[in-house]
Amino acid sequence: MSPLLQTPEESTAPSRSGRKLARTTMGLERDKKRHGDVEDRRGDTLVDEIGIVTTAPAPNGVDLVQESVSLIEYVARLGDFRSTQRQECYSLVRRMKSLLPLFDEIRFLGSAIPPNGIASLSKLKKVFCLAKKLLKTCNEGSKIYLALESEAMMVKFHAVQEKLCQALDELPFDEIEVSVEVREQVELMVTQLRRGKRRKDTQDMELAVDLMAVSSKTDERNADIAIIERLAKKLDLNTVENLKKETIAISNVAKERGQTSECIEQIVEILNKFKQVFGMEVIDVFEDPVKPKLLLKSGSLVIPHEFLCPITLEVMRDPVIIASGQTFERESIQKWFDSNHRTCPKTRERLGHLSLAPNHALKNLITQWRETNNYKSPNTEGLASPQGSSVKQEEISSLVEELSSCQLKVQRRAAKDIRILSKENPESRILFAENGAIPALVQLLTYPDSKIQEHAVTALLNLSINDTNKKLIANEQAIPTIIDVLRNGRMESRENSAAALFSLSMLDENKVTIALSDGIPALVELLEQGTVRGKKDAVTALFNLCLNQANKARAIDAGIVPPLLLLLKDKKLNMVDEALSMFLLLVTHPQGRYEIGQLSFIGTLVDIIKKGTPKNKECAASVLLELSSNNSSHILAALQFGVYEHLVDISETGTNRAQRKARGLLQVMKTSDQLP
């Protein structure tokens, strides 16, 4: 019998082989159980990234090895992860899989594992349990929740990586006799983990901008449709099926965190906006999260899900199959391919070819269903298909022609109709662009007639919801003209110009164009002089533009700091969150820290930390931490304003992110000898 399989009862000599840890028949049976509910239960008993609670009996070496391997195999099978944490998830899984050769050597080396090796393997397995729980959350959890809590999730990934390094550092490699090659691989992985820095990229910031805009309770306007559609696309929540799954995931999060928490209320509000845009019934997720149904325009008729095109969510007229095996409306998928996409919109897999095969069987079923139920397509379907209503196509062509009419009244009416139609229907935005509406609308921006100007800039705003149209509008040299309307137009035109610049600035190249066309000073001017809605448009556009590092300095030079301070002080505007978010972006720039790090600003931050909403306190603490990490005099000033006791309170009772920031500030005080 191999010494590794010899039980303590079978060996009485105090030799090395007698001390070897065994895997008995009972141990094998226990392993089988641990593959299932026992491992899941252990993973769920993890308290947080600080500690782990377990009441399991003392493990033996081979059991620990097998359980660790099972955990690695489990996370390797999880598949796709939420987009907001996908990079971190795949990186962690890759690190865990790289440890399999280590466990293989331990399993088959045929020598005893010393007690300190047992302790290290036990600690390593607990880290794997923590990693499993974290990865399961990123695999199955609410996409909206994970986006809102992206920073908290990054902290958890960082904690798992650190604990993994600590556990591997403690492994007694010499005593467990693993090969030099495997040991070097493990040490290299630990070095890479420690050298790696937490990810901070523009995409996360853009996601934060959209989340901030969609969460607004005071600005319900047509521009929100663009933001909602874009955010839903980023989170992969732009199909009925995915929204159903998200509803269930949110219900599970609510059960864990409580239905009345601020975070859950925000998540549900965003989910309901997604459902409204994509035609789903808004239901109480806490009562029946499994039964959301498509809102229909023809009575209570329920449309079979397989009859709907995954792109347009409309009943298909000409269904075709692509290389991935998925079915789409012919025109919709052809436009997808024409936009240089080479992946399946539903599965995201890269396609081997772009051929379209008619789905005759499904087409016949849809035809029979239409006749049986006397189903008539919505009017907008005529816009979406050349085989649809010829009147709709003719109407679009006619409206575009009327934009160039010699009569001002005709031009005004045409611009208004295009504004309305492009607001209500996604397909119309494509068709108007294809029929040449964009150059004609850009031309109208220079007209002295204020109503034509207002309709034209708002129509361009609506058309810019489509990503392809963003490029077309910029290529028509529209950005300088829109900025001119922003400076000199009537207030509603100025507001919608700012919203249009926000939409256009989602493309990085347009961020530069807007800045070089002096768009930032014009937005700062609107931030100073505009209505509440205008101020919101301006600050949202400025936030997005300042994701570009060079634009932060331009905004500061344009005088953005004073009007932002006024937003903080005027509570009636209800824009404290927006102002603080903007300050948090600017404070990462040296010039920004110099401009905003004045004594009066520190006092304002401390006042918000004392009296603000939980979200206000969280953001104010974040700004103060960024300031204080670069200049200890700021933390001294904050202490003089009485911030200490409030930071202690936030560190215990604030939101998760606020607690971390408060603890960070208390640590800065401690290291700089500023604690009272």
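Above: the structure in question.
This text gives an overview of the structure that appears in the document. Model, not experiment: these values are computed from the prediction.

Topic: the overall build of the protein
Part 1 of the reasoning: Helix and strand counts for the protein stand at 36 helices and three strands.
Part 2 of the reasoning: Looking at the protein residue by residue over its 676 residues, the buried ones come to 52%.
Part 3 of the reasoning: Sequence separation of 24 or more characterises 69% of the internal contacts of the protein that already satisfy a separation of 6 or more.
Part 4 of the reasoning: As displayed, the protein offers around 31,200 Å² of accessible surface, 51% of which is attributable to carbon and sulfur atoms.

What to know about helix α21 (residues 450-463)
Part 1 of the reasoning: A rise of 1.5 Å per residue sets the reference length of α21, with its 14 residues, at 20 Å; its end C-alpha atoms lie 20 Å apart and thus fit the reference within 8%.
Part 2 of the reasoning: Counting buried positions along α21 gives 12 out of 14 residues, so the element sits mostly inside the fold.
Part 3 of the reasoning: Every buried residue belonging to α21 is among Ile452, Gln453, Glu454, His455, Ala456, Val457, Thr458, Ala459, Leu460, Leu461, Asn462 and Leu463, and all of these are buried.
Part 4 of the reasoning: The opening residue of α21 is aspartate 449, an N-cap whose side-chain oxygen sits 3.1 Å from the backbone nitrogen of lysine 451.

Here we look at the pattern of salt bridges
Part 1 of the reasoning: Applying the stated criterion to the full structure yields 19 salt bridges.
Part 2 of the reasoning: What you see here is one network of salt bridges that share partners, running through Arg419, Lys451, Glu454 and Glu492.

Things to note about the packing of helix α33 (residues 614-630) against helix α34 (residues 632-640)
Part 1 of the reasoning: For the pair α33 and α34, interaxial distance at closest approach is 5 Å and the crossing angle is 130 degrees. Classified by the interaxial angle, the pair formed by α33 and α34 is oblique. Along its contact with α33, which presents Leu624, Leu627, Ser628 and Asn630, the element α34 presents Ser632, His634, Ile635 and Ala638.
Part 2 of the reasoning: Residues belonging to the contact of α33 with α34 are distributed by class as follows: four nonpolar, four polar and no charged.

Quick word on the sheet that holds strand β2 (residues 327-329)
Part 1 of the reasoning: On the basis of which strands lie adjacent, the open sheet formed by three strands has the order β2-β1-β3 and antiparallel pairing. Looking at which strands have only one partner, the edges of the open sheet turn out to be β2 and β3 (357-358).
Part 2 of the reasoning: Summarising the sheet, strand β1 (residues 319-321) and β3 pair through two bridges and their orientation is antiparallel. Note on β3: the bridge partner recorded for isoleucine 321 is alanine 357.
Part 3 of the reasoning: Running at roughly 95 degrees to β2, helix α14 (residues 330-338) makes contact with β1, β2 and β3 of the sheet.

With respect to the nonpolar core
Part 1 of the reasoning: Membership of the largest hydrophobic core comes to 167 residues, with the highest contact counts inside it found for Leu135, Phe274, Leu441, Ile560, Leu564 and Met582.
Part 2 of the reasoning: It is helix α5 (residues 115-140) that contributes the most residues to this core, 11 residues altogether.
Part 3 of the reasoning: Aside from chain neighbours lying at most four places away, what touches leucine 441 is Leu403, Ile418, Ala456, Ala459, Leu460 and Leu463.
Part 4 of the reasoning: Ranked by size, the runner-up nonpolar core spans 18 residues in total, among them Val315, Phe328, Ile333 and Phe337.

A few points about the packing of aromatic side chains
Part 1 of the reasoning: Enumeration over the complete set of coordinates arrives at three aromatic pairs.
Part 2 of the reasoning: Centre to centre, the rings of phenylalanine 103 and phenylalanine 128 are 6.0 Å apart; their planes meet at 70 degrees, and the pair counts as edge-to-face. With phenylalanine 103 in helix α4 (residues 100-108) and phenylalanine 128 in helix α5, this pair connects stretches of sequence that are 25 residues apart. There is no split in this pair, since phenylalanine 103 and phenylalanine 128 are both buried.
Part 3 of the reasoning: Here the aromatic rings of phenylalanine 583 and phenylalanine 601 are separated by 4.7 Å at their centres, their planes lie at 50 degrees, and the arrangement is tilted. A residue pair is termed long-range when its members are at least 10 positions apart, and phenylalanine 583 in helix α30 (residues 576-586) and phenylalanine 601 in helix α32 (residues 599-611) qualify at 18 residues.
Part 4 of the reasoning: A relative accessible area of 1% places phenylalanine 601 in the buried class.
Part 5 of the reasoning: The aromatic ring of tyrosine 74 is capped on one face by lysine 132, whose charged end is 4.4 Å from the ring centroid.

Things to note about the state of the cysteines
Part 1 of the reasoning: Taken as a whole and judged by the stated rule, the model has zero disulfides.
Part 2 of the reasoning: Note on cysteine 138: no disulfide assigned, nearest cysteine sulfur contributed by cysteine 89 at a separation of 3.7 Å.
Part 3 of the reasoning: In this structure cysteine 138 comes out as buried when scored by relative accessible area, which is 0%.

Digging into unusual backbone geometry
Backbone geometry follows two general trends: most residues other than glycine have a negative phi, and most peptide bonds adopt the trans configuration.
Part 1 of the reasoning: Phi is positive for glutamine 477, which is not a glycine, with a value near 60 degrees.
Part 2 of the reasoning: Inspection of the secondary structure puts glutamine 477 in the loop between α22 (467-475) and α23 (478-488).
Part 3 of the reasoning: With a phi angle near 65 degrees, aspartate 518 is a residue other than glycine that sits in the positive phi range.
Part 4 of the reasoning: You can see aspartate 518 is positioned in the loop between α25 (508-516) and α26 (519-529).
Part 5 of the reasoning: Look at aspartate 518 and you get partly exposed, because its relative accessible area is 42%.

Let's talk about the environment of glutamate 149
Part 1 of the reasoning: Tracing the backbone through its elements, the reader meets glutamate 149 in the loop between α6 (143-148) and α7 (150-169).
Part 2 of the reasoning: Measuring from C-alpha to C-alpha, the distance between glutamate 149 and cysteine 263 comes to 9.2 Å, with 114 residues separating the pair along the chain.

Overview of α23
Part 1 of the reasoning: Those residues of α23 that fall on the buried side of the exposure criterion are Ala478, Ile479, Thr481, Ile482, Ile483, Val485 and Leu486.
Part 2 of the reasoning: Buried residues along α23 sit against α20 (437-444), α21, α22, α24 (491-504), α25 and α26.

Thoughts on the side chain of threonine 458
Part 1 of the reasoning: Note that threonine 458 resides in helix α21.
Part 2 of the reasoning: Here the side chain of threonine 458 touches glutamate 454 through a polar contact of 2.7 Å, landing on its backbone oxygen.

Concerning the side chain of serine 622
Part 1 of the reasoning: Note on placement: serine 622 falls in helix α33.
Part 2 of the reasoning: The buried category is assigned to serine 622, whose relative accessible area is 4%.
Part 3 of the reasoning: Engagement of the side chain of serine 622 in a polar contact is seen with the backbone oxygen of glutamate 618, the distance being 2.9 Å.
Part 4 of the reasoning: In this structure the side chain of serine 622 is engaged in a polar contact, spanning 3.3 Å, whose partner is the side chain of arginine 657.
Part 5 of the reasoning: Once you skip the residues sitting within four places of it in the chain, serine 622 turns out to touch Leu584, Arg657 and Lys661.

A word on the environment of glutamine 85
Part 1 of the reasoning: By secondary structure assignment, the location of glutamine 85 is in the loop between α2 (61-76) and α3 (86-97).
Part 2 of the reasoning: You can call glutamine 85 buried: its relative accessible area is 1%.
Part 3 of the reasoning: Along the backbone, glutamine 85 and leucine 146 are 61 residues apart, and their C-alpha atoms lie at a distance of 7.9 Å.
Part 4 of the reasoning: In this view, glutamine 85 contacts Cys138, Leu146, Ser150, Met153 and Phe157; residues no more than four positions away in its chain are not counted.

Digging into the packing of α23 against α26
Part 1 of the reasoning: At a closest axis distance of 9 Å, the pairing of α23 and α26 adopts a crossing angle of 30 degrees. Judged on the interaxial angle alone, α26 and α23 are roughly parallel. The two elements α23 and α26 cross, and the hand of that crossing is left-handed. Between α23, through Ile483, Leu486 and Arg487, and α26, the contact on the second element is made entirely by Gly519, Ala522, Leu523 and Leu526.
Part 2 of the reasoning: Its residues assigned to classes, the contact of α23 with α26 shows five nonpolar, one polar and one charged.

Definitions and cut-offs
Residues numbered from 1 in each chain as written. Predicted model: local features only at pLDDT ≥ 70, side-chain atom pairs only at ≥ 80, totals over all residues. Heavy atoms only, no water. Helix = DSSP H or I, 4+ residues; strand = E, 2+ residues; numbered from the N terminus. Buried < 20%, exposed > 50% of the residue type's maximum accessible area, 1.4 Å probe, protein only. Contact = heavy atoms within 4.5 Å. Areas by Shrake-Rupley, 256 points an atom, 1.4 Å probe, with all protein chains shown as cover. Expected span 1.5 Å × (residues − 1). Polar contact = N/O pair within 3.5 Å; in protein donor to acceptor, adjacent residues only side chain to side chain. Salt bridge = Lys/Arg side-chain N within 4 Å of Asp/Glu carboxyl O. Axes fitted to C-alpha atoms, helices over the stretch in contact; angles between N-to-C directions. Parallel < 35°, antiparallel > 145°, perpendicular 65-115°, else oblique. Nonpolar A, V, L, I, M, F, W, Y, C, P; charged D, E, K, R; others polar. Pairing = 2+ DSSP bridges. Core = buried A, V, L, I, M, F, W, Y, C linked by side-chain atoms within 4.5 Å. Phe/Tyr/Trp six-rings, centres within 6.5 Å; stacked < 30°, edge-to-face > 60°. Lys NZ or Arg CZ within 6 Å of the ring centre and 35° of its normal. Disulfide = S-S within 2.5 Å. Left-handed = near helix turned anticlockwise from the far one by under 90°.

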